[in-house]
Amino acid sequence: MTPLPAGSVIGILGGGQLGRMLASAAARLGFDVHVLAPGEAPPAARVAAKHWNAAYEDEAALKAFAEACDVITYEFENIPVASVDYLLACGAIVHPGTKSLETSQDRLTEKRFLNEIGIETGSYAPVSSPEELKTALETLGGEGLLKTRREGYDGKGQASVKSGDDLEAAFDSIGHVPAILEAFVPFEREISVVIARAPGGATAAFDPSMNDHSGGILRTSIAPCGLSEGVIARATRLAETLAQETGHVGVLALELFVLEDGTLLANEFAPRVHNSGHWTPEGCLTGQFEQHIRAVAGWPLGPVTRVFEVEMQNLLGEEALAPPESYDPDAVVTLYGKRDAKPGRKMGHVVRRTAKA
Ligand code: AMP
């Protein structure tokens, strides 16, 4: 791919905070950003050159968007694959493409794909009725996590179940949709590898971060992750395999459970920039947002050397309303400009940096 010159137009499907940070990084590199997302003034649209307020399924808008943009990317994994196919049919260049998008939209397809390419996961079974759930519970040791196959995020669409529970009620609680049952993984810690792949196949992985969740929502990411070089090298190789096998162009994130003995089991992957990589702009020579823009624009990937020890903390709901002087002076605060601080909603994040030991 010939590198896109500054002044070109990069289109982003999706209008949330990831799009906002991608748009800011793209603007810094001299690109104009157009955001296509439904709604009056989503966070990304307020820092972009142009907002297309349209549904992702609106073919007339997609066609015009394809004509207006030199390359199109996305910030949100629930963009309909049919919309990306339509953009491609209109002659648009779309990075990352559809393989990683389509695979990650369905937990069952995703887990099967990961296993096929040699990335281990915990045990799981597809379930589409309370009867199948009963059988799956027997196979998986009597307890597990029931998760919708599609559209779950931040712990939503999930229920913890065990044999003897009211399985009809458990199925109702996730909306009676096709699901999987996952065995509980007795992890020692959770890490993620955020990696970029360029159109020619070159990759660059950030140091893995250790991630702490509460109620299914990411609270903090810390780098370095405290694991041995051997485990880090294995985790990085898994992310490289995933990026190559999907032919992904841009940034993706692989979330891994680490067992006491160093075994790595994949939880899931995101075909986009990721919350657990929010420390990279402040902690590394190139941040994940700039890296994604570089990849989709056909620019060489930037160096991912980490230059600080970092801790990223998400600001949820009203936590983001704290006055700036309440943060310690070394902290770098990013706020997403969301109007409504609902409980648990990701409103911003803080990155604390210390000199590398
Ligand atoms: P998910 O939405 O699948 O990423 O799950 C959110 C968080 O719930 C994960 O980051 C883990 O902390 C926890 N979790 C999810 N699946 C499992 C599992 N099978 N075993 C243990 N913990 C899990």
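Residues numbered from 1 in each chain as written. Predicted model: local features only at pLDDT ≥ 70, side-chain atom pairs only at ≥ 80, totals over all residues. Heavy atoms only, no water.

Let us look at the nonpolar core. In terms of nonpolar packing, the biggest core is built from 57 residues, with Leu-13, Phe-31, Leu-36, Ile-72, Leu-87 and Trp-279 touching the most fellow members. Residue contributions to this core peak at six residues, all from helix H1 (residues 17-28). Split by domain, this core shows at least three residues from each of two domains, domain 1 (9-94) and domain 3 (189-355). The next biggest cluster of nonpolar side chains, apart from the first, holds 22 residues, and it includes Phe-113, Cys-225, Val-258 and Leu-264. (Core = buried A, V, L, I, M, F, W, Y, C linked by side-chain atoms within 4.5 Å. Buried < 20%, exposed > 50% of the residue type's maximum accessible area, 1.4 Å probe, protein only. Helix = DSSP H or I, 4+ residues; strand = E, 2+ residues; numbered from the N terminus. Domains from an automatic or database assignment.)

Each strand in a sheet pairs with another by means of backbone hydrogen bonds, the pair being arranged parallel or else antiparallel. One open sheet accounts for four strands, arranged S3-S2-S1-S4; its pairing is parallel. Bordering the open sheet on either side are strand S3 (50-52) and strand S4 (71-74), each of which pairs with just one other strand. Pairs of neighbouring strands in the sheet enclose a mean axial angle of 25°, with direction left out of account. In this sheet, S4 lies alongside strand S1 (residues 9-13) in parallel orientation, the contact comprising four bridges. Across the sheet, residue Gly-11 finds its bridge partner in S4, namely Ile-72. (Pairing = 2+ DSSP bridges. Axes fitted to C-alpha atoms, helices over the stretch in contact; angles between N-to-C directions.)

On to the side chain of Ser-104. Within the secondary structure layout, Ser-104 lies in helix H4 (residues 99-104). A distance of 3.2 Å separates the side chain of Ser-104 from the backbone oxygen of Leu-101, its partner in a polar contact. What Ser-104 contacts, discounting residues up to four positions off in sequence, is Glu-77, Glu-110, Phe-269 and Pro-271. (Polar contact = N/O pair within 3.5 Å; in protein donor to acceptor, adjacent residues only side chain to side chain. Contact = heavy atoms within 4.5 Å.)

Okay, the site of the ligand next. With respect to spatial proximity, 17 residues lie near the ligand, and among them Lys-147, Gln-158, Val-185, Glu-190 and Glu-268 are the closest. Contact distances for the ligand include 2.8 Å between an oxygen atom and a side-chain N or O atom of Glu-268. For the shell around the ligand, the class distribution of residues is six nonpolar, five polar and six charged. Taken domain by domain, the shell around the ligand gets at least three of its residues from each of domain 2 (123-183) and domain 3 (189-355). (Near = heavy atom within 4 Å. Nonpolar A, V, L, I, M, F, W, Y, C, P; charged D, E, K, R; others polar.)

Moving on: the packing of aromatic side chains. Within this structure, the stated rule accounts for four aromatic pairs. With a centroid separation of 6.0 Å and an interplanar angle of 40°, the aromatic rings of Tyr-56 and Phe-76 are classed as tilted. Of this pair, Tyr-56 sits in the loop between S3 and helix H2 (59-68) while Phe-76 sits in the loop between S4 and helix H3 (81-89), placing them 20 residues apart in sequence. Its relative accessible area of 30% is what places Phe-76 among the partly exposed residues. With 5.1 Å between their ring centres and 10° between their planes, Phe-187 and Phe-257 make a pair best called stacked. Highlighted residues: Phe-187 in the loop between strand S8 (179-182) and strand S9 (189-197) and Phe-257 in strand S13 (residues 250-258), separated in sequence by 70 residues. (Phe/Tyr/Trp six-rings, centres within 6.5 Å; stacked < 30°, edge-to-face > 60°.)

A few words on unusual backbone geometry. Pro-96 follows His-95 through a cis peptide bond whose omega is 10°. Of note, Pro-96 is situated in the loop between H3 and H4. Cis peptide bonds are those with omega within 30 degrees of zero, and the linkage from Ala-223 to Pro-224 qualifies with 5°. With respect to the helices, strands and loops of the structure, Pro-224 is situated in the loop between strand S12 (217-223) and helix H8 (229-246).

Glancing now at the pattern of salt bridges. Within this structure, the stated rule accounts for 14 salt bridges. Ionic pairing is found between Lys-162 and Asp-165, a salt bridge with its closest N-O pair at 3.6 Å. Taking relative accessible area as the criterion, Lys-162 reaches 45% and is therefore assigned partly exposed. Classification of Asp-165 by relative accessible area gives partly exposed; the value is 30%. Between Glu-188 and Arg-189 there is a salt bridge, with its nearest N and O atoms 3.0 Å apart. Beyond isolated ion pairs, a larger network of salt bridges with shared partners links Arg-28, Glu-290 and Arg-294. (Salt bridge = Lys/Arg side-chain N within 4 Å of Asp/Glu carboxyl O.)

Once that is clear, we can look at helix H5 (residues 107-116). Every buried residue of H5 is accounted for by Arg-107, Leu-108, Glu-110, Lys-111, Phe-113 and Leu-114. With a side-chain oxygen positioned 2.8 Å from the backbone nitrogen of Leu-108, the residue opening H5 is Asp-106. Immediately downstream of H5, the backbone of Gly-118 shows phi near 90°, a positive value.

A separate point is the sheet that holds strand S5 (residues 124-127). Strand order across the open sheet formed by four strands is S5-S8-S6-S7, with antiparallel pairing between neighbours. Among the strands making up the open sheet, the edge pair consists of S5 and strand S7 (158-162). The mean angle between the axes of side-by-side strands here comes to 25°, regardless of whether they run parallel or antiparallel. Of the strands in this sheet, S5, strand S6 (143-148), S7 and S8 are in contact with H5, which crosses S5 at around 145°. Those strands touched by helix H6 (residues 130-139) are S5, S6, S7 and S8, and its axis lies near 170° from that of S5.

On to H8. The end-to-end C-alpha distance of H8 is 26 Å, a good match for the 26 Å that 18 residues give at a rise of 1.5 Å each. Listing the buried residues of H8 in full gives Val-231, Ala-235, Thr-236, Leu-238, Ala-239, Leu-242, Ala-243 and Thr-246. The arc that holds the buried residues of H8, viewed along the axis, is 150°, so those residues lie on one side. Tucked inside the fold, the buried residues of H8 contact H4, H5, S9, strand S10 (203-205), S13 and strand S14 (264-270). Gly-247 lies just past H8 and shows a positive phi near 60°. (Expected span 1.5 Å × (residues − 1). Arc of directions from axis to C-beta.)

Nothing here speaks to function; it is geometry throughout.
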